[in-house]
Amino acid sequence: MDAPSAGYGFEYLIETLNDSSHKKFFNVSKLGGTKYGNVALHLLGFDEFLIIKMHFLTLFFIFSGIPAMVDFAAMREAVKTLGGDPKKVHPACPTDLTVDHSLQIDFSKCTIQNAPNPGGGDLQKAGKLSPLKVQPKKLPCRGQTTCRGSCDAGELGRNSGTFSSQIENTPILCPFHLQPVPEPETVLKNQEVEFGRNRERLQFFKWSSRVFKNVAVIPPGTGMAHQVNLEYLSRVVFEEEDLLFPDSVVGTDSHITMVNGLGILGWGVGGIETEAVMLGLPVSLTLPEVVGCELTGTSNAFVTSIDVVLGVTKHLRQVGVAGKFVEFFGNGVSQLSIVDRTTIANMCPEYGAILSFFPVDNVTLKHLEHTGFDKAKLESMETYLKAVKLFRNDENSSGEPEYSQVIQINLNSIVPSVSGPKRPQDRVAVTDMKSDFQACLKEKVGFKGFQIAAEKQNDTVSIHYEGSEYKLSHGSVVIAAVISCTNNCNPSVMLAAGLLAKKAVEAGLHVKPYIRTSLSPGSGMVTHYLSSSGVLPYLSKLGFEIVGYGCSTCVGNTAPLSEAVLNAVKQGDLVTCGVLSGNKNFEGRLCDCVRANYLASPPLVVAYAIAGTVNIDFQTEPLGTDPAGKNIYLHDIWPSREEVHQVEEEYVILSMFKTLKEKIEMGNKRWNSLEAPDSVLFPWDLKSTYIRCPSFFDKLTKEPIALQPIENAHVLLYLGDSVTTDHISPAGSIARNSAAAKYLTNRGLTPREFNSYGARRGNDAVMTRGTFANIKLFNKFIGKPAPKTIHFPSGQMLDVFEAAELYQKEGIPLIILAGKKYGSGNSRDWAAKGPYLLGVKAVLAESYEKIHKDHLIGIGIAPLQFLPGENADFLGLSGRETFSLTFPQELSPGITLNIQTSTGKVFSVIASFENDVEITLYKHGGLLNFVARKFS
């Protein structure tokens, strides 16, 4: 075959072999003679199908890590039942499991926002949890001649609060003395609750690290997985047994691509496929196109890397790069720091590409030197990468590779922007924000619109909060969060936020107290430089206190809004807003009553919090007034690029990286002292509401049975376009009237002990009940957003789980009808596992997000696709029919099948299997069954 067009990233990934024996796989330990020193992609008999076998560094989150490790534990049980040796079930490659999604904001602004039972129900009652131990302890002044105040001086010193705890973490530096002080009280309280609430899960993780080979756990309180990967785990080039080979990574989260900015090839495949990689199976993919994205020009002084990434996201989404590799090149790349590049790479899932790659160049080497890489290691790395032609020479653009397609983006055209109010790709220039929001109020309900009646668009509702009266209106900001994803690895934007806060405080500006503000750094590194540079107290003064380390607001783990705000929102049917520096802003994700959510850079998050509304034109309207009554505009307090650069050069220093690496290796006292079993099989607790042996293997047989037809299947849900994995399997709070809530209530838990769906992903009973439980799910059978559907045999409108349960009792199989881009968003394995356990046998959609389609196959659900140009409306389907389908025993990729309905209609669909491996997995009933049989 002809060689594909490819860039550095593609060469970094493959050496193509013209061999069709279906047997040769090359592991990294055998690659001494290969051209690129990397893994081989092996052609399997036809031109476009490849197998990758890599030296993987597999990265997990607590959300996807829990179900993955629970599957491993359950697989040991299944292997034993089939007569095999359960001890053989181990990850075959290095696996780093990062616990970073367990943080919830129970405490902020040094006050209790929501004091839950930290044990999630039973642990505290059983006396297994120690009470909160936070004792104030003053740090005496050490008498420095530069002393400008005591360490507990006034309100500016409160975030440096001198509190002690058993929890070890990165010390904060007193901004007046630059002497180490313990963590803020808010962090300690949230961590105390985090360890208590998640004790069962953490004990399970510790058991996993003891009994499974190649598993390392990075405990809570360390930081966000992607940033830990960048600062601690990444090697760029590995050296083992006198062999050099490129670093590579796959993981359960879509945003694994963040590490692409460091010149490391990595992407998220989701939990199910990652489990296969852990077990030594190859990853399959169709040979992708490599799109070159040429960056030219220079961004202006008011543009941050977040503005650049929002601009890139919108542009690439419009062009269409779904299922492709994107590689950045051009003179604009050389102007981007590594943290700028990682910020851009992090948003790859939002523009739909498999990965977005920045080749290693001189900027990369300087960054690695700055973060503590040994000089001899760097010299070896540079020599190796240049020898195998994987090094980008930023001084010679004539050597750029050829690409399948080239897209040009001029950085001069990028302007300060936000994205929203419901999708990451909907970029809005800050200068157009007011007019755009007002247009959204008028538009009919959809991706942008809220359809507020004209006479209601200027409504206000008064609230009383902490002794003062405030007015809420459409556009009022009620959540403002600088959170640990997308940009917390980027000191420039974090310091810009801090400097803006400093100028705002000095000008007498403040944030209204009812706004839920928070600062959740990606790692202790961020805390370190914000503190040492002296800007942290000013962020705290505006309410942006550090609440802990890990994902929080972005996944719905924020503190609940005050009753006053909630009542006002309901009374006025207000479209209130959340502003966050994250990467996901789907409606209802942050809070079910906050309808408009905008992604913004950290300084803009602070600015909108001060303004208190997004319905503002920063060019013509002031943020507020100073004590003398003078108007203060955004441009008055916006830090210059030179200011930010100067502070970054002075305070983001080498010693910080070395200290943080040492702390990660040491762990912390709570994790180190946590007890856990070390038995071969996990001792399941039948009363646990967090960890439960899943039912995936209950009917597992030694050999796979023949493919069964789908006969007289009812449609469980009739969905439209762009149904996300959040719609299918929400990660946030558990609604009190949901099927999952009823299950937990029946087990003695109160609503404040429910925790979140993300926290309970080790319990299949909760997650099955939580499938399609998103309050914003729009089922055409219902005609409005609600997690409901129709059980057609009885005509009842029920929760989706209750309807599916009735269908299963009646022995009726189920399918789902959907439109375009079904399963977009996060690579969430429960978005496939949940429908499977509901009894769904197939999904029929116009198109799929690739990762989700792979998950459907990996769990045993057939992904069917309408013929081009056809859909349910075109075929005249109502969804009330029953559907029948027969599979030939000899399936082939892309085969056309016929479906017959109970009305007599027959139409053709495509079975969306891309290769023989996917067909093999489907015949086995999914990946888990295939692997379990392999070990038996």
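Okay, so let's go over this structure. These figures come from a predicted structure and were not determined experimentally. (Residues numbered from 1 in each chain as written. Predicted model: local features only at pLDDT ≥ 70, side-chain atom pairs only at ≥ 80, totals over all residues. Heavy atoms only, no water.)

1. Here's the deal with the sheet that holds strand E21 (residues 405-410)
- With parallel pairing, four strands are arranged side by side in an open sheet as E20-E19-E18-E21. One side of each edge strand has no neighbouring strand; the edge strands of this open sheet are strand E20 (355-357) and E21. Strand-to-strand twist across the sheet, computed as the mean angle between neighbouring axes with direction ignored, equals 25°.
- Note that strand E19 (residues 325-329) and E20 share three bridges and pair parallel. Residue pairing in the sheet places Phe 325 in a bridge with Leu 355 of E20.
- Of the strands in this sheet, strand E18 (290-296), E19 and E21 are in contact with helix H7 (residues 305-319), which crosses E21 at around 150°. (Pairing = 2+ DSSP bridges. Helix = DSSP H or I, 4+ residues; strand = E, 2+ residues; numbered from the N terminus. Axes fitted to C-alpha atoms, helices over the stretch in contact; angles between N-to-C directions. Contact = heavy atoms within 4.5 Å.)

2. What about the packing of aromatic side chains?
- Within the structure shown, the criterion is met by 19 aromatic pairs.
- Measuring from centroid to centroid gives 5.0 Å for Phe 329 and Tyr 403, while their planes differ by 20°, and the two rings are stacked. Linking Phe 329 in strand E19 with Tyr 403 in the loop between helix H12 (375-387) and E21, this pair joins segments that are 74 residues apart in sequence. By the burial criterion, Phe 329 is buried, and Tyr 403 matches it.
- A ring pair is formed by Phe 781 and Phe 792, whose centres lie 4.9 Å apart and whose planes are at 90°; its orientation type is edge-to-face. (Phe/Tyr/Trp six-rings, centres within 6.5 Å; stacked < 30°, edge-to-face > 60°. Buried < 20%, exposed > 50% of the residue type's maximum accessible area, 1.4 Å probe, protein only.)

3. Section: the nonpolar core
- Judged by nonpolar contacts, the single largest core of 114 residues is most densely connected at Met 75, Phe 772 and Tyr 822.
- Ignoring sequence-local partners within four residues, the contact set of Met 75 consists of Val 89, Leu 279, Phe 697, Leu 928, Val 931, Ala 932 and Phe 935.
- In terms of nonpolar packing, the next biggest core, distinct from the first, is built from 108 residues, Val 326, Leu 336, Leu 604 and Val 605 among them. (Core = buried A, V, L, I, M, F, W, Y, C linked by side-chain atoms within 4.5 Å.)

4. Quick word on the packing of helix H14 (residues 491-506) against helix H18 (residues 602-611)
- Axis separation between H14 and H18 bottoms out at 7 Å; the angle between their running directions is 30°. As the angle between them shows, H14 and H18 are arranged roughly parallel. Across the interface between the two elements, Val 493, Met 494, Ala 496, Ala 497, Leu 500 and Ala 504 of H14 pack against Pro 602, Pro 603, Val 606, Ala 607 and Ile 610 of H18.
- For the contact of H14 with H18, a count of residues per class yields eleven nonpolar, no polar and no charged. (Parallel < 35°, antiparallel > 145°, perpendicular 65-115°, else oblique. Nonpolar A, V, L, I, M, F, W, Y, C, P; charged D, E, K, R; others polar.)

5. Some words on the pairing of strand E29 (residues 596-599)
- Residues Ala 596 and Tyr 598 of E29 are buried on one face, and the alternating residues Asn 597 and Leu 599, pointing to the opposite face, are buried as well.
- Pairing of strand E28 (residues 577-580) with E29 involves four bridges; the strand directions are parallel. Counterpart to Val 579 in the pairing with E29 is Tyr 598.

6. Focus on helix H15 (residues 524-532)
- Among the nine residues in H15, nine count as buried, and that is most of the element.
- For H15, the set of buried residues is Gly 524, Met 525, Val 526, Thr 527, His 528, Tyr 529, Leu 530, Ser 531 and Ser 532.
- Immediately beyond the C-terminal end of H15, within one or two residues, lies Gly 534, with a positive phi of roughly 85°.

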